[in-house]
Amino acid sequence: MATLVGTRPPTAASLPRLPTRLLLILAAIVAGNLVWYFGANALLTIDQIPDTGRDALHKLLLLADVGIGLFIVAEWMGPRLRYFTRRMVLGALTVFIIVALVYFVLNAIPGEKWYSHLLNVRNQTPAQIALIMHHYGIDRPVYVQFLGYLNQLIAIPPDLGYSSALSQTVWDAISTHIGPTAVLMTTAYVVQMLIAIPVGVISAVKPYSKVDSFVTGFSFFGISMPNYWFGSMLIYVFAILPIQLGHSAIFPVGGQHTGEQTGLGDLAWHLVLPVIVLAVQGIAQDARYTRSAMLDVLGQDYIRTARAKGLTGYAVIMRHAFRNSLLPIITLAGLEIPQLFAGAIITEFVFNWHGMGQLTVNQAESGDLITVVGIMLVLASLVVIGNIIADLAYTLADPRITFGKRA
């Protein structure tokens, strides 16, 4: 067979090939869909699983398919986006495990269940109750009931159950109360960070000085002071005592607004005392962490080199020392989101703040476990989200940190 002069016949090595990662993506998508299709059809043949349980398994198989696809597709993304995608998938798996643990513990406790509102409807006949129990798998083993509970959660918005004590769904109760808590938490968190970080830096720059001794003493005092006692003292000093002395209260005893007022000024006036209670303990803790992290960095060789080169004290502290000391501060900041919420439970109860904290205390006292569990699941999601945000913020603070190399 004749060939043109100067050309080579095509070989297998010279033919264009699809990228290996693209083949892996296609294979994962095909495999995931096959698993989803055959798994879903196999579930239809199991008589013990009710309709809601089958729906939940369908959704779980679909979510697993999406998770596998995201893991593979992440190989085509940049390092930061790849890490974020994988952390989101692992975070969803963490929340699922928490849901399972909370459900089985709740099921072992006597009291109202997630399906109680379905069976407590007036004028229901025994036949109707039996039909509802069969439909949701209530008359079957606990692991089958768990599938019915999952089917409610995997929805937009998630169905966290119905609270007979509140005469509304748990999701509606949380949606109503989460706004005031978000305002209180955000304000306290901003005040806390604006004060704690500068104070910690100044304390580290001037170690064992009078300023450092004051910050250390204040930190121990703030960390050891209970929120309920501190809040009660502030109410007495700024609200009750002035009235006893014949004057008007400096700050209100509690609540979010005075009478029918709804302005921002009135809200800010009511925020002062609860924000002080929440922020003082956070300031004490964050200032100590900032001081410790800064002292570790200020003793490094490159800080002495920067000073030897003639850089100003401000440039050495802010451009070199402070940025490299941010990692433990970022870790603490990510974990403080749920911690602030836990602190708000007591603070909101003391100041009659109609938020998530007061809702948690009231429903726990009345034995409304459905609402308490719903709040716990929201809190668990906040913990996962806070950790992911903190991990992603590491690279912004220190570019030397990488999220792994490609194989």
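Residue positions are counted from 1 within each chain, in the order its sequence is given. Totals for whole chains, interfaces and linings use every residue, but because this is a predicted model, local features are given only for residues with pLDDT of at least 70 and side-chain atom pairs only at 80 or more, for both listing and counting. As a rule here, side-chain values come from all non-hydrogen atoms in the structure, and water together with hydrogens is ignored.

1. Notes on the overall build of the chain
Step number 1: Each helix and strand counted, the chain has 15 helices and two strands in total.
Step number 2: Exposed residues in this analysis have more than 50% of their type's maximum accessible area, buried residues have under 20%, and partly exposed residues fall in between, with area computed by a 1.4 Å probe over protein chains only. Every one of the 407 residues in the chain was classed for burial, and the buried ones make up 39%.
Step number 3: Working rule for contacts: check all heavy atoms of both residues, and any pair within 4.5 Å makes them a contact. Of the contacts formed within the chain by residues at least 6 apart in sequence, a portion of 68% connects residues at least 24 apart.
Step number 4: Using a 1.4 Å probe, accessible areas were evaluated by the Shrake-Rupley method; residue-level cover was limited to the displayed protein chains. Put simply, the chain shows about 22,900 Å² of open surface, and 69% of that area lies on carbon and sulfur atoms. The numbering of helices and of strands both runs from the N terminus, where a helix is a DSSP run of H or I of at least 4 residues and a strand a run of E of at least 2.

2. Quick notes on the environment of P242
Step number 1: Relative to the helices and strands, P242 is located in helix α9 (residues 227-244).
Step number 2: With near-sequence residues (within four places) excluded, P242 lies in contact with Y236, V237, H247, S248, A249 and I250.

3. What to know about the packing of aromatic side chains
Step number 1: In this scheme Phe, Tyr and Trp rings, the latter by its six-membered ring, pair at centre separations within 6.5 Å, and the angle between planes marks the pair as stacked below 30 degrees, edge-to-face above 60, and tilted otherwise. Scanning the entire structure with this criterion turns up two aromatic pairs.
Step number 2: Between Y103 and F104, the aromatic rings sit 5.5 Å apart at their centres with planes inclined by 80°, giving edge-to-face as the arrangement.
Step number 3: On the basis of relative accessible area, Y103 is assigned to the buried category, the value being 2%.
Step number 4: With relative accessibility at 36%, the residue F104 sits in the partly exposed group.

4. Some points on the pattern of salt bridges
Step number 1: Salt bridges, as used here, are contacts in which a Lys or Arg side-chain nitrogen is within 4 Å of a carboxyl oxygen on Asp or Glu. If you walk through the whole model with that rule in mind, you get two salt bridges.
Step number 2: Residues D212 and R291 are paired through a salt bridge, measuring 2.6 Å at the closest nitrogen-oxygen approach. Residue D212 is located in helix α8 (residues 210-224), and its partner R291 is located in helix α10 (residues 264-298); the two are separated by 79 residues in the primary sequence. The same class applies to D212 and to R291, which are both buried.
Step number 3: Notably, a salt bridge pairs R304 with D301, separated by 2.2 Å at the nearest N-O pair.

5. What about unusual backbone geometry?
Step number 1: Phi is positive for Y208, close to 65°, though the residue is something other than glycine.
Step number 2: As for its position among the elements, Y208 is in the loop between α7 (170-205) and α8.
Step number 3: Since its relative accessible area comes to 73%, Y208 is described here as exposed.

6. Concerning the side chain of T181
Step number 1: Checked against the element boundaries, T181 lands in helix α7.
Step number 2: For T181, a relative accessible area of 2% translates into the label buried.
Step number 3: Here E348 takes part through its side chain, which lies 2.7 Å from a polar atom of the side chain of T181. Counted as a polar contact is a pair of N or O atoms within 3.5 Å, where, for protein atoms, one must be capable of donating a hydrogen and the other of accepting one, and residues adjacent in sequence contribute only when both atoms are in side chains.

7. As for the packing of helix α11 (residues 301-308) against helix α12 (residues 313-324)
Step number 1: Relative orientation of the contacting elements α11 and α12 amounts to 170°, with a least axis distance of 11 Å. In this view, α11 runs roughly antiparallel relative to α12, as classed from their interaxial angle. For the pair α11 and α12, contact is made by Y302, I303, A306 and R307 and by V316, H320, A321 and N324, respectively. Only the stretch in contact is used when a helix axis is fitted, and all axes are lines through C-alpha atoms; the angle between N-to-C directions ranges over 0 to 180 degrees. The cut-offs work like this: below 35 degrees is roughly parallel, past 145 is roughly antiparallel, 65 to 115 is roughly perpendicular, and the gaps in between are oblique.

8. Some words on helix α14 (residues 356-365)
Owing to its 3.6 residues per turn, the α-helix aligns residues three or four sequence positions apart on the same side.
Step number 1: Of all ten residues in α14, seven are buried; the element is thus mostly enclosed.
Step number 2: What α14 keeps buried is the set M356, G357, Q358, L359, T360, V361 and Q363.
Step number 3: Two residues or fewer past α14, G367 is found with a positive phi of approximately 80°.

9. Notes on the environment of W269
Step number 1: If you trace the backbone, W269 turns up in helix α10.
Step number 2: Spatially, the C-alpha atoms of W269 and P252 are 7.6 Å apart, while their sequence positions differ by 17 residues.
Step number 3: If we ignore the near neighbours within four places in the chain, the residues touching W269 are A249, I250, F251, P252 and T258.

10. Brief notes about the nonpolar core
Within soluble globular proteins, side chains that are nonpolar tend to cluster in buried spots.
Step number 1: Grouping buried Ala, Val, Leu, Ile, Met, Phe, Trp, Tyr and Cys residues that are joined through side-chain atoms within 4.5 Å yields what is termed a nonpolar core. With 20 residues, the main nonpolar core has V99, Y149, I174 and L377 as its most contacted residues.
Step number 2: Put simply, the parts of the chain that give this core at least two residues each are α3 (79-108), α6 (142-153), α7, α14 and α15 (369-397).
Step number 3: Excluding anything up to four places from it in sequence, I174 contacts L160, M356, G374, I375 and V378.
Step number 4: Of all hydrophobic cores here, the second largest spans 18 residues; its members include V297, A321, F322 and I329.

11. Things to note about the packing of α10 against α12
Step number 1: Packing of α10 against α12 leaves a shortest axis separation of 8 Å and a crossing angle of 115°. Of the two elements, α10 crosses α12, and the hand of that crossing is right-handed. Facing M294, V297 and L298 of α10, the residues of α12 in contact are I317, H320, A321, F322 and N324.
Step number 2: Counted by class, the contact of α10 with α12 contains six nonpolar, two polar and no charged residues. For any pair of crossing helices, the crossing counts as left-handed if the nearer helix is rotated counterclockwise from the farther one by less than a right angle, and right-handed if it is rotated clockwise. Classes in brief: Ala, Val, Leu, Ile, Met, Phe, Trp, Tyr, Cys and Pro nonpolar; Asp, Glu, Lys and Arg charged; the others, Gly included, polar.

12. Side note on a nonpolar patch on the surface
Step number 1: Like charges are joined within 9 Å and nonpolar side chains (Val, Leu, Ile, Met, Phe, Trp, Tyr) within 5 Å, but only among residues with over 30% relative accessible area and no salt bridge; these make up the patches. Residues F214, F218, F221, Y228, W229, M233 and I346 make up a contiguous nonpolar surface patch of roughly 730 Å² in combined accessible area.
Step number 2: Those elements that provide at least two residues to the nonpolar patch are α8 and α9.
Step number 3: Assignment of secondary structure puts M233 in helix α9.

13. As for the side chain of R291
Step number 1: Given the relative accessible area of 11%, R291 is considered buried.
Step number 2: Engagement of the side chain of R291 in a polar contact is seen with the side chain of S203, the distance being 3.3 Å.
Step number 3: Excluding its chain neighbours within four sequence positions, the residues that come into contact with R291 are G200, S203, A204, Y208 and D212.

14. Notes on α9
Step number 1: By this rule the span expected of a helix is its residue count minus one, scaled by 1.5 Å. Its 18 residues give α9 an end-to-end C-alpha distance of 24 Å, which sits within 8% of 26 Å, the value for a rise of 1.5 Å per residue.
Step number 2: In this scheme, the bend at a residue equals the angle between the axes fitted to the seven residues that finish there and the seven that begin there. Its maximal kink placed at Y236, α9 deviates by approximately 40°.
Step number 3: Those residues of α9 that fall on the buried side of the exposure criterion are N227, F230, G231, L234, I235, A239 and P242.
Step number 4: Two residues or fewer past α9, G246 is found with a positive phi of approximately 90°.

Treat this as a map of the structure, not an account of what it does.
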